Each structure stands twice: as C-alpha cells, then as structure tokens.
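Below, each chain spelled out in residue letters.
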Amino acid sequence: MRRITLVSALMAGTALSGPAFADGHAHKIVDEPLELTIQMNHARYPTYKEDWPVEQVAREMTGIHLIDQTVGANTRTDENTGKTEALNLMLATGEIPDIVGSSRLKDFVNQYGPEGAFIGLNDLIEEHAPNLKAYFDARPEIRSAISAANGEMYYIPYLPDGKYGRAYFIRTDWLNALGLETPETVEELEEVLLAFRDGDPNGNGLKDEVPYFARQWPELIRLVTLWDGRSSGSDTSHDFYVDEGMVKHPYAQEGYRDGISNLARWYAEGLVDAEVFTRGSSAREYLLSENLGGMTHDWFASTAGYNDSLADKVNGFEFKAMAPPASVSGVRMEEHRRIPIKPDGWAIGYTNEHPVETIKYFDFWFSEEGRRLANFGVEGLTYNMVDGEPIFTEEFLTNGKPVNNQLYEIGSQLQARGYFQDYNYEKQWSNKHALEGIALYDEGDYLIDQFLGVAFNEKEQKVYDRYWPAIRDYMLERQQGWILGNGDVMTDWDAYAATLDKMGYQDVLEVMNSAYTRQYNN
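Let me sum up the structure you'll find in this document. Counting restarts for each chain: residues are numbered from 1 in the order of the written sequence. Two thresholds apply to this predicted model, a pLDDT of at least 70 for residue-level local features and 80 or more for giving and counting side-chain atom pairs, whereas whole-chain, interface and lining totals are computed over all residues. Neither water nor hydrogens contribute to the side-chain values; these are computed over all heavy atoms in the structure.

1. Concerning the overall build of the chain
Link 1 in the chain: A tally of regular secondary structure across the chain gives 23 helices and 13 strands.
Link 2 in the chain: Taken against the 2.2 N^0.38 rule, which gives 24 Å for 522 residues, the C-alpha radius of gyration of the chain at 24 Å falls within 12% of a compact globule.
Link 3 in the chain: Its C-alpha atoms give the chain principal-axis dimensions of about 75 × 60 × 40 Å.
Link 4 in the chain: A buried classification covers 55% of the 522 residues belonging to the chain.
Link 5 in the chain: By the convention used here, residues are in contact when the closest approach between their heavy atoms is within 4.5 Å. Across the chain, contacts joining residues at least 24 apart in sequence account for 76% of those joining residues at least 6 apart.
Link 6 in the chain: Shrake-Rupley sampling with a 1.4 Å probe provides the accessible areas, and residues are treated as covered by the protein chains on show and by no other component. Here the chain displays about 21,800 Å² of accessible surface, and carbon together with sulfur accounts for 47% of that area.
Link 7 in the chain: The averaged location of the 83 negative side-chain charges in the chain is 2 Å from the averaged location of its 46 positive side-chain charges. To qualify as a helix, a DSSP run of H or I must reach at least 4 residues; to qualify as a strand, a run of E must reach at least 2; elements of each kind are numbered from the N terminus. For the radius of gyration, the atom set is restricted to C-alpha positions; the globular benchmark scales as 2.2 Å times the number of residues to the power 0.38. Residue exposure (1.4 Å probe, protein chains only): buried if accessible area is under 20% of the type maximum, exposed if over 50%, otherwise partly exposed. By the counting scheme adopted, Arg and Lys are positive, Glu and Asp are negative, and His together with the chain ends is not counted. A charge is said to be at NZ when it belongs to Lys, at CZ for Arg, at CG for Asp and at CD for Glu.

2. Notes on helix 15 (residues 355-364)
Link 1 in the chain: Counting buried positions over the 10 residues of helix 15 gives 9, a clear majority of the element.
Link 2 in the chain: Where helix 15 is concerned, the buried positions are Pro355, Val356, Thr358, Ile359, Lys360, Tyr361, Phe362, Asp363 and Phe364.

3. Considerations on the sheet that holds strand 3 (residues 99-102)
Link 1 in the chain: The strand order across the open sheet formed by 5 strands is 2-1-3-11-4, and the pairing between neighbours is mixed. In this open sheet, the two edge strands, each paired with only one partner strand, are strand 2 (64-68) and strand 4 (156-157).
Link 2 in the chain: Being paired, for any two strands, means DSSP has found at least two bridges between them. Bridge analysis of strand 3 against strand 11 (residues 345-348) gives 4 bridges, and the strand direction is antiparallel. If you follow serine 102 over to strand 11, its bridge partner there is glycine 345.
Link 3 in the chain: Here an angle of 0 to 180 degrees is reported between the N-to-C directions of two axes, which are lines fitted to C-alpha atoms, with helices fitted over the stretch in contact. Across the sheet, helix 15 lies against strand 1 (34-41), strand 2, strand 3, strand 4 and strand 11, angled at about 165 degrees from strand 11, the strand it touches most.

4. Observations regarding the sheet that holds strand 10 (residues 319-322)
Link 1 in the chain: Within the open sheet, the 4 strands sit side by side as 6-9-5-10. Their pairing is mixed. If you trace the sheet from one side to the other, it starts and ends with strand 6 (210-212) and strand 10, each paired once. Averaged over all pairs of adjacent strands, the angle between strand axes in this sheet comes to 35 degrees, irrespective of strand direction.
Link 2 in the chain: Pairing between strand 6 and strand 9 (residues 293-299): 2 bridges, direction parallel. When the sheet's bridge partners are listed, valine 210 is paired in strand 9 with glycine 293.
Link 3 in the chain: Sheet contacts for helix 9 (residues 186-198): strand 5 (166-171), strand 6 and strand 9; angle to strand 6, the most-contacted strand, approximately 165 degrees.

5. Here's the deal with the environment of valine 508
Link 1 in the chain: Here valine 508 is to be found in helix 23 (residues 505-520).
Link 2 in the chain: Each C-alpha atom of the pair valine 508 and proline 469 lies 11 Å from the other, and the pair is 39 residues apart in sequence.
Link 3 in the chain: Excluding its chain neighbours within four sequence positions, the residues that come into contact with valine 508 are Phe240, Val463, Tyr464, Tyr467, Trp468 and Ile471.

6. So, unusual backbone geometry
One can expect most non-glycine residues to show negative phi and most peptide bonds to be in trans.
Link 1 in the chain: Not every positive phi belongs to a glycine, and aspartate 228 is a case in point at roughly 70 degrees.
Link 2 in the chain: Within the secondary structure, aspartate 228 is located in the loop between helix 10 (218-221) and strand 7 (241-243).
Link 3 in the chain: If you check the backbone angles, aspartate 387 has positive phi at about 50 degrees while not being a glycine.
Link 4 in the chain: Note on placement: aspartate 387 falls in the loop between strand 12 (383-386) and strand 13 (389-392).

7. Observations concerning helix 21 (residues 458-483)
Link 1 in the chain: Taking 1.5 Å per residue, 26 residues should reach 38 Å; helix 21 reaches 37 Å between its end C-alpha atoms and fits that length.
Link 2 in the chain: Bend angle per residue: angle between axes fitted to the 7 residues ending at that residue and the 7 residues starting there. Tryptophan 468 marks where helix 21 bends most, by close to 35 degrees; the proline proline 469 follows one to four residues later.
Link 3 in the chain: Counted as a polar contact is a pair of N or O atoms within 3.5 Å, where, for protein atoms, one must be capable of donating a hydrogen and the other of accepting one, and residues adjacent in sequence contribute only when both atoms are in side chains. A distance of 3.2 Å separates the backbone nitrogen of lysine 459 from a side-chain oxygen at the start of helix 21, and that oxygen is part of asparagine 457.
Link 4 in the chain: The first or second residue beyond helix 21 is glycine 485, which carries a positive phi of 95 degrees. To estimate how far a helix should extend, the number of its residues minus one is multiplied by 1.5 Å.

8. Description of the pattern of salt bridges
Link 1 in the chain: By convention in these notes, a salt bridge is any Lys or Arg side-chain nitrogen within 4 Å of a carboxyl oxygen on Asp or Glu. Counting across every chain of the model gives 31 salt bridges.
Link 2 in the chain: Between glutamate 254 and arginine 257 there is a salt bridge, with the nearest N and O atoms lying 4.0 Å from each other. Of this pair, glutamate 254 and arginine 257 both sit in helix 11 (residues 254-268), separated by 3 residues, roughly a single helical turn.
Link 3 in the chain: The salt bridge partner of aspartate 273 is arginine 279, with a shortest N-O separation of 2.8 Å. For the pair formed by aspartate 273 and arginine 279, the shared burial category is buried.
Link 4 in the chain: Within the structure, one salt-bridge network assembled from shared partners comprises Arg166, Glu219, Arg222, Arg230 and Glu335.

9. Here's the deal with the packing of helix 11 against helix 21
Link 1 in the chain: Here helix 11 crosses helix 21 at 40 degrees, and the two axes come no closer than 8 Å. Classified by the angle their axes make, helix 11 and helix 21 are oblique. Listed contacts from helix 21 to Tyr256, Ile260, Ala264 and Tyr267 of helix 11 are Met475, Gln479, Trp482 and Ile483.
Link 2 in the chain: Gly is placed with the polar residues, together with every amino acid not listed as nonpolar (Ala, Val, Leu, Ile, Met, Phe, Trp, Tyr, Cys and Pro) or charged (Asp, Glu, Lys and Arg). For the contact of helix 11 with helix 21, the per-class residue count stands at 7 nonpolar, 1 polar and no charged. Orientation is classified from the angle alone, with under 35 degrees giving roughly parallel, over 145 giving roughly antiparallel, 65 to 115 giving roughly perpendicular, and any other angle giving oblique.

In structure tokens:
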C-alpha cells in the first residue's frame, strides 16, 4: 500500500470561508449545482447510486450533486478484512474522491488523516456546521471517541439511536406445554434447555428440538456472561472492554474460561445447535418456521416479528423476550446494546477543493429535514407527515418486505453516510411483543456501559498491528476448538494464557490503555 505523505502546502491553500447556514433556513448550499465525487462502500450497498430517491431530494435541497467514483465495490462481509479492502485499494491508487463513505472507516481515517490523506474537520465544523457543532457540544464524549490521536476529527460518524438491541427470546408456548416457568437463573435455564431437548415440546414425537440456536455464532459466546465472563465490550463481537478504568480483553479472563467450559458441556449434551458455527443467518428463520428452535439471543424488532409471521404456520407459536438470567454470582446483565457511535461514516478527501461546501453538506444531514430524509426516506413515497411527525405509510409497512431493506434500496438509513439515526423509524415497525420486551429490559436496567474505542498514535498503531491480528486469530481458534471438544479449557488455560503473553498480549494492552487514557481522561 502506498502511504500518503503530508500535503500541508495543498491544505494550507484550502480556503475555510463562506457563511454558515442554520437549521430552519433554506438548505441550498450553492447557487449553481456543485459536483463532488464519492466513494461509498458498505456490506449492504457496495457502491453509491446516484439515482437513489433520497439522493435526488438531497440534491434538490442543497445543490450538491454526488458523483459515484467508488473503487473496488465491496461485496464481502468479513468484518476484519472485507470491509476495508476497497479503502485500501482506493488509497493505493492515490486518487481519493472528494468524499469517502464506508463501514469501518474510523481507524482508517484516523491513521491516514494525520498523514494528509483526509482533511481535518474541527475548524470546518466550528465555523461552518452549526448542526454538527451543536451535536458535538452536547455530546463531548462522542467527539472524544471519534477523534484521532492528535485531537482532530477526520470523519462524521453514523450515530445509532435508541438503547436496546438484542435480548434473550424463549418459546413460551414450549414452556407452557411442558409446565415450566420462565427461567430466572443460569441453573434454571439449563433445566429448561434439558426439558426442551428431552420433553418433545413441539409434540411431533421426535427428539429433534434445538434448545439454543443463534444466527451469528458469537451470540453463543455471549452466554459466558452467565458465568460472569464477558464476550465483548461493545456491539462489535470480540471487542475489548473497560473494567475499573482499565482496558482488558474478555477472552483472557477467568470468567470467560468458566463460561467456555460450561458452553462446551452444553454443546456436548445437545443443548446448543450442533450447527451453530455453520448454519449461519438462516438459523432463526429455519428453526422457528419448522418448530424446532427453543431459545436465542437476537434483535428485538425482527425476532419478535415471528410472532406475527408464524402465527398461522406454527400452532400456538409464542416467542417472547425474557429477562437475562442471573449469573452464577447473581448478576443479571445484557451485554449487548446499541452503541452510540459506529466506526462507519464519511470523510473529506485531501484533494477536495470545496471543503466548506462539503462540511455544509455533511451538516445538512444533521438538520431537521436532512435527518428526516436520512431516516424515513422520501415524503409521499415512504411516509407522510402526521401531526408534525413522519409516519410510514400502511402500504410501506405491510407489503411483506423488511422495512430496513426497503429503506436501503432508496438511499435511506445508509451507515456509510454520517447521520444521526432516529429510533422512531424502527419503533413504527416493532410489534407489541418487541415493545413489551423493551419495557421489560427498561424496567430491569440490565444494560452496561460500552467501550467506544481508541485512536492510536503511530507508535501504538505499529504495536497493535504487529501483535493483535495473530492473537485474535489464536483466541478464536481455541474458543471454537474448546466448544467443539478439541481440548479442555480448564486444563489448557495456563498454557493458553502463557501463549497469549508470548504472542504480545501485554504489549497490546499497554498501547490500548495508553491510548484510552489520552483519549478519555483528558
């Protein structure tokens, strides 16, 4: 990869002038249409589409016309490599578009922004982006989380809204069939899963029930929390977490060890889907529609939706959210929640000759009208205004297609665009079962704080890049091996911990904590 050198001369010649616009005024940024090139990559939309209805409305409102210049459309879904391949290819060409929007953009721009590949946004926001400035002034922790090691912001992030993401769901019709109560502890949960395995709750006379299943296999690892372990510190699987002000990794802790030992036992005893590592995203649809699945940990809205979609297919079907079972020490924890900031969003390339107009365009999406456009789509097409609120049309909600997929198709809810999500968009297609589950979790206050990530300086980045990828691969390899019966985690633990240290785990922790202290304690 060709590394971009500092282009201070070019940057110094970039004018940071022009009047800012305020929310409530006309959103026209330029008198004559201005074309800006864009690279946009995300797993859900591997390239930018100029004919998205949302984009056409934004052009009319702002005068800014985005022209697709995406290099290497990204169709891979691997979270560690596939989503950054297009960015690496773009950087290697040396031809960075005016705007770069992508998933997993944060680390990329925070590494190459200080070298001159992307324009710093601090002064631009302060002088020309009142909506963005108001947001960051109100949420200084978000500003800290997205800033590079030099204190400069290089991208505008996708900012999720709402608190709740995933929850425990259990077949309450199966519980009723077996005369069981909703489990309240990990011990009671194991008894229920055993009953699901042996008691024929689906009533077909076969021992074909799958007590616990997951669409994404890390949701099996999530269960280590029931033995006081951790599986992640954020809504990204396998992430670091913060414990008493120190950054640690969950896969090096004794609670995780105990959890993996018990999950291996559950797997061996048939309490966990035998195909949990291979069945993939179809697991929920298949196992529920065939009346085979008993319990999972998945998203509120989409999982609760099966109570409606399977009502006529599976007699008596009822799949409800349950409170997190108490762990072996009595702790009820929901480890997953909506993180307030994603590493996705967009940035300004260093060759952009119109940074003021571009930051105003970014700011437009944080205005009332822009935020509504980003979240709900186009008025009259997907929603209508009712009593001052955007309300999806009945046809849009009931045509049998997933609401979020329909919005992606018209250019709304794009995570490679920097915007502030409005949870009301999802609330409108959440059924009563999802809302009841959210109320249950809200009442119990089970959510925990999340790790918002760090930005390395050059020295820290080198240490992280040198050691962490291999350490992470080793952790995941042993994790799956132990669950599948290839070794015993209790017997192997001391050797495993020694191997982590030999591979540089303590060096990684040192730079993680150095960056964390600099970024948040200041």
